[in-house]
Structure formats: C-alpha cells, structure tokens
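Listed below, chain by chain, are the residues.
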Amino acid sequence: MSQTNAYAAQAPTAPLAPFQLERRAAGPHDVQIQILYCGVCHSDVHQARDEWGGSTFPMVPGHEIVGRVTEVGREVGKFQAGDLVGVGCMVDTCRTCPNCQDGLEQYCETHISFTYNSTLQDRQTRTHGGYSQQIVVDENYVLRVSDRLPLAGVAPLLCAGITTYSPLKHWQAGPGKRVGVVGLGGLGHMAVKLGAAMGAEITVLSTSPAKEADARALGAHRFVVTRDAALKQERNYFDLIINTVGSNIDLNPYLTLLRLDGTMVMVGLPPTPPQVGIFPLVGQRRRLAGSHIGGIAETQEMLDFCAEHGIVSDVEVIPMSYINEAYERMLRSDVKYRFVIDLATL
Ligand code: NAP
Ligand code: ZN
Ligand code: ZN
C-alpha cells in the first residue's frame, strides 16, 4: 500500500479538494504508474456532481491518464519500468463473457471496473482515477503510448479519442462519407481530427459561431451554426452524425439531417432521456444508435493511428488547483478543446 496525493469530490455539491488515498502494492500482473497528465472529461463533471445518479463519495475522477511505469509485478510481460503508458475508462472487466472474449470489454455483460466511481471485480474495492499522483492497474488494461507525441495532448485520446474513433470506424467513416459532428468540445474536436484523417467529409454542427475558424483548422470541411435557419438546409445530407452533446437537447432536428439509412450515434450522455419522434426515423429508414468508449485492442489501435498521423488533442494544461474553475468553464463550452491536469502541480 502507498499513500497517494489526489483531489476528490466529497459530495455532489462540494468543490474538489486535496485528498489522500491508498493505492495497492503492485501484484504479480500489475503495473504501477506515476501519473504525468490527466485529461478532464465532461463525464468527470457528470459524475462528481452525481448527475447520472449512483455516484459514490469521496470520488477521485479522471480517466484520461498518461504516465510512466515505476514498477511492474513479476508476471508482467508487456511493460517495464520507464515505459510511457496510458489508462482510459476501464481498469478491469470479467474477461469471460462473450463481449470480453471478443475484445469488446467496454460492453462487458458482467461488471466493468471503471477507472473511478466504480469497484474492482470483487465488487467491493472502490476505484479512484487520475486526479492523483499514481495508480496501479492490471497490465491487460494498460495501453502503450508513443514517445513521439506531446504527452499532455495524448492524455485525452484515452477517452475522447477512443470514444469518437470507435463509432467512426464501426459506421465506416471514410472517403465519400458525409459525417456530422454535433458539439465542438473535447469529444467533438477529436471526432473532427480522426474523421478527417480517415478521409470523410466532416461538418461541425455547433451552437458557437466563434468556433468556425478552429473547426476548419482542426480539419472540418464545413461548419453549420445549429441555432440558425441554415440547419434546415442540411436535411437528408449526412451518412453519419456523431452527437457529443451531454446536455438535454432536442434530437429530432438532428435526425432529419440524416439521409436514407443514415445513423446518428449518441456518445454524449445527457442526464435525462430525450424525447425522440418515430416519424423522422421511419421516413428515411434512419437509425439512432449509441456507442461506449472502445475496447482495449481498439484503444491501442487508435493510439497507434494517432501516432502515425501525428494526431493529439488540443489542450489547455492546468494545475490541479484549477480544477473547479475548469469544470465551470466546461459548462460554459469555454475550453479549447480539452483541459489537461499537469500532475506535477499536485
Ligand atoms: P465538452 O467538452 O463539454 O463538449 C460538449 C460540447 O457540446 C460543447 O463544447 C458544446 O459545443 C456542445 N454543447 C454543450 N451544451 C450544449 C447545449 N445545451 N446545446 C447544444 N450543444 C451544447 O464535453 P465532452 O467531454 O466532449 O463530453 C461530451 C459528452 O460525452 C458528455 O455527456 C460525456 O459524459 C459524454 N461521454 C460519453 C462517452 C461514451 O463512451 N459514450 C465517453 C466520454 C464522454 P458547441 O459550442 O460546439 O455547441
Ligand atoms: Zn471520458
Ligand atoms: Zn465481460
């Protein structure tokens, strides 16, 4: 066991504050990691403020972790001390259900041990995330990170990157495909970069007119302000829409933007269920779908794809003590385009 400095929320209404937690000693299959950077995902805000229900406190959020291996267990074969590694949203799953066997651990039918606000496979030991100095994770849930990319920009790939890469791949974004990205935030800006690198035509659908130049610089080919009448002109246009908005918005106008057999994939997780009309779906055989992060092998594939294409997140690096202000700014859509905590400041 070792004492680790961290930042935790003590209650849904309490600001995050310094906290000490105990990390287990590295077991035979474990990797001990000194955390260098941790991205700030909107899911951290949802959970720290218990917007989805079921949160447990104290909670140390953070699931976009990059760091350096400090120690490995005796059975560990994939990593050694000094390696740069990443940890995303999961630290374990059952490993035996059909989905785990197929490398789709994010859809484990038994129990996902999320990186924080969750429990290990014993269903008792609480997990704590990356707003902390170190973490111990089973080697099968640790990713290899390239030393050729700026590390702070790599951290958000572990959630925002894989969460957008997986549906873009699954619904075959590529040359000749028209892809819409709703919301230019942490997930949205990664969807733009990754979708453009895959060769798709990318349109950003945003509530913020001021983000147009950024959207184009990130690789978007088109930009539409969703509060404009211009949205109507986009009807029946898209093959695929990746919707990253985590607030309660009306999905129906977006569904009408899909062409025949088009799919809108929800990755944003609004706390209350939206009302979806069936007529827009039936009219053009449209589909409304969801997608949850990505499996471990696919996450490694995404990291390798990003290394090959020189893709990282656009980040604002912050000290740990800035986290509460960062949350407020995220709620105002005022972030370009991901806050990343420098853990050396803890
Ligand atoms: P974020 O950085 O805050 O970005 C969300 C963006 O949505 C904003 O920048 C804004 O973009 C747009 N937006 C915000 N409020 C809006 C509103 N009321 N109406 C219309 N657009 C609005 O958040 P994020 O970290 O990308 O996360 C987005 C969502 O994905 C969250 O709900 C998060 O929990 C969820 N998530 C899901 C998964 C998964 O596996 N499915 C993984 C990670 C995160 P514009 O200014 O361009 O409009
Ligand atoms: Zn996340
Ligand atoms: Zn499983």
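Under an unreviewed UniProt entry, the name given to the chain is NAD(P)-dependent alcohol dehydrogenase, and the source organism is Hymenobacter edaphi. Recorded in UniProt under Cofactor (unreviewed entry), the annotation for the chain is "Zn(2+)".

Caption draft 1: Summary view of the UniProt feature "domain: Enoyl reductase (ER)" (unreviewed entry) in the chain. Those residues carrying the UniProt feature "domain: Enoyl reductase (ER)" (unreviewed entry) are residues 11–341 in this numbering. Within the segment residues 11–341, helix and strand shares are 23% and 25% respectively, and the terminal C-alpha atoms sit 21 Å apart.

Caption draft 2: Representation of the layout of surface pockets within the structure. Each pocket or cavity is described by its volume, and for the largest pocket that value is around 1,100 Å³. Lining the largest pocket are 50 residues, and of these H42, H46, T244, V245 and G246 sit closest to its centre. Secondary structure elements with two or more residues in the lining of the largest pocket: α1 (42–48), α5 (186–197), β11 (201–206), α10 (323–331) and β17 (338–342). The dominant element in the lining of the largest pocket, judged by the number of residues it contributes, is α1, at four residues. Across the lining of the largest pocket, the residue classes break down as 24 nonpolar, 22 polar and four charged.

Caption draft 3: Layout of the site of ligand 1. Close to ligand 1 lie 30 residues; S206, T207, S208, K211 and R338 are nearest. Note that an oxygen atom of ligand 1 is positioned 2.8 Å from one of the side-chain N or O atoms of H46. Across the complex, the protein chains shield 91% of the 930 Å² of accessible surface that ligand 1 would expose by itself. Cavity membership is defined here by more than half of the atoms lying within 2 Å of grid points; on that basis ligand 1 lies in the largest pocket. Broken down by secondary-structure element, the contributors of at least two residues to the shell around ligand 1 are α1 and α5. Per-element tally for the shell around ligand 1: the top contributor is α1, with three residues. A breakdown of the residues in the shell around ligand 1 according to their chemical character gives eleven nonpolar, 17 polar and two charged.

Calculation notes
Residues numbered from 1 in each chain as written. Chains lettered and ligands numbered in written order. Predicted model: local features only at pLDDT ≥ 70, side-chain atom pairs only at ≥ 80, totals over all residues. Heavy atoms only, no water. UniProt positions renumbered as here; feature names shortened; annotations may be inferred. Helix = DSSP H or I, 4+ residues; strand = E, 2+ residues; numbered from the N terminus. 1 Å grid on protein atoms, 1.4 Å probe; cavity = no way out; pocket = protein on both sides within 12 Å on 5 of 7 lines; lining within 4 Å. Points joined across faces, edges and corners; volume = space filled by probe spheres on them. Nonpolar A, V, L, I, M, F, W, Y, C, P; charged D, E, K, R; others polar. Near = heavy atom within 4 Å. Polar contact = N/O pair within 3.5 Å; in protein donor to acceptor, adjacent residues only side chain to side chain. Areas by Shrake-Rupley, 256 points an atom, 1.4 Å probe, with all protein chains shown as cover. Sits in = over half its atoms within 2 Å of the grid points.

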